[in-house]
Amino acid sequence: QVQLVESGGGLVQAGGSLRLSCAASGSVAVINSMAWYRQAPEKAREFVAAIFSGGNTNYADSVKGRFTISRDNSKNTVYLQMNSLKPEDTAVYYCAPVPNRNNYWGQGTQVTVSS
């Protein structure tokens, strides 16, 4: 079992920044790669960013150049630094293992960007 706890969301004005955290506990040794996803109201959950075991990263086109994913293996924590936020970034943000064979999800953290 893996438990995921996201935090760091909040209300920010357009152009502002937030840093999200995802703390993993439980069977974390089986996790090599992690990703962030988001779900806006009445929309499907979508991929945001991923970080792989070798340190490589991948981003959705909509966030490239604005968001940065990183990890601290000593803390079993993955971060998402979000800069130059836009109203369209408003969503609940979730982290998950890659691949997510057991469908592990945290409760998410709400990010609201005002115009």
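Summarised in this report is the structure supplied together with it. The shown structure was predicted, so the numbers you read here are calculated from the model rather than taken from an experiment. (Residues numbered from 1 in each chain as written. Predicted model: local features only at pLDDT ≥ 70, side-chain atom pairs only at ≥ 80, totals over all residues. Heavy atoms only, no water.)

1. Some thoughts on the sheet that holds strand β8 (residues 77–82)
- With respect to topology, 4 strands assemble into an open sheet ordered β1-β3-β8-β7, the strand pairing being antiparallel. Each edge of the open sheet carries a strand with a single partner, namely β1 (2–7) and β7 (67–72). The mean inter-strand angle of the sheet, taken between neighbouring strand axes irrespective of direction, is 15°.
- Note that strand β3 (residues 18–26) and β8 share 6 bridges and pair antiparallel. Note on β8: the bridge partner recorded for Arg-19 is Gln-81. (Pairing = 2+ DSSP bridges. Helix = DSSP H or I, 4+ residues; strand = E, 2+ residues; numbered from the N terminus. Axes fitted to C-alpha atoms, helices over the stretch in contact; angles between N-to-C directions.)

2. Concerning the pairing of strand β9 (residues 91–98)
- For β9, a buried count of 7 out of 8 residues is recorded, marking the element as mostly surrounded by other parts of the structure.
- Note that strand β4 (residues 33–39) and β9 share 7 bridges and pair antiparallel. Opposite Tyr-37, over in β9, you have Tyr-94 as the bridge partner.
- As paired elements, β9 and strand β10 (residues 109–114) share 3 bridges and run antiparallel to each other. By the bridge assignment for β10, Ala-91 is matched with Val-111. (Buried < 20%, exposed > 50% of the residue type's maximum accessible area, 1.4 Å probe, protein only.)

3. Here we look at unusual backbone geometry
- For the bond from Val-98 to Pro-99, the omega torsion is -10°, close enough to zero to count as cis.
- Structurally, Pro-99 can be placed in the loop between β9 and β10.
- Despite not being glycine, Glu-42 has its phi angle at roughly 65°, a positive value.
- Relative to the helices and strands, Glu-42 resides in the loop between β4 and β5 (46–51).
- Taking relative accessible area as the criterion, Glu-42 reaches 87% and is therefore assigned exposed.

4. Brief notes about the packing of aromatic side chains
- All told, the structure shown has 3 aromatic pairs when counted by the stated rule.
- Judged by centre distance (6.2 Å) and plane angle (85°), the ring pair of Tyr-94 and Trp-105 falls under edge-to-face. One end of the pair, Tyr-94, is in strand β9; the other, Trp-105, is in the loop between β9 and β10, and 11 residues separate them in sequence.
- The class for Tyr-94 is buried, based on a relative accessible area of 12%.
- Here the guanidinium or amino end of Arg-19 rests over the ring plane of Tyr-79, the centre of that ring lying 3.9 Å away.
- Above the plane of the ring of Trp-105 lies Arg-45, whose end atom (NZ or CZ) is 4.2 Å from the centre. (Phe/Tyr/Trp six-rings, centres within 6.5 Å; stacked < 30°, edge-to-face > 60°. Lys NZ or Arg CZ within 6 Å of the ring centre and 35° of its normal.)

5. Focus on the side chain of Thr-77
- Note that Thr-77 resides in strand β8.
- A polar contact is formed between the side chain of Thr-77 and the backbone oxygen of Lys-75, at a distance of 2.9 Å.
- Setting aside residues up to four positions removed in sequence, Thr-77 forms contacts with Ser-21, Cys-22, Ala-23, Ser-70, Arg-71 and Asp-72. (Polar contact = N/O pair within 3.5 Å; in protein donor to acceptor, adjacent residues only side chain to side chain. Contact = heavy atoms within 4.5 Å.)

The values are spatial; any link to function lies outside them.
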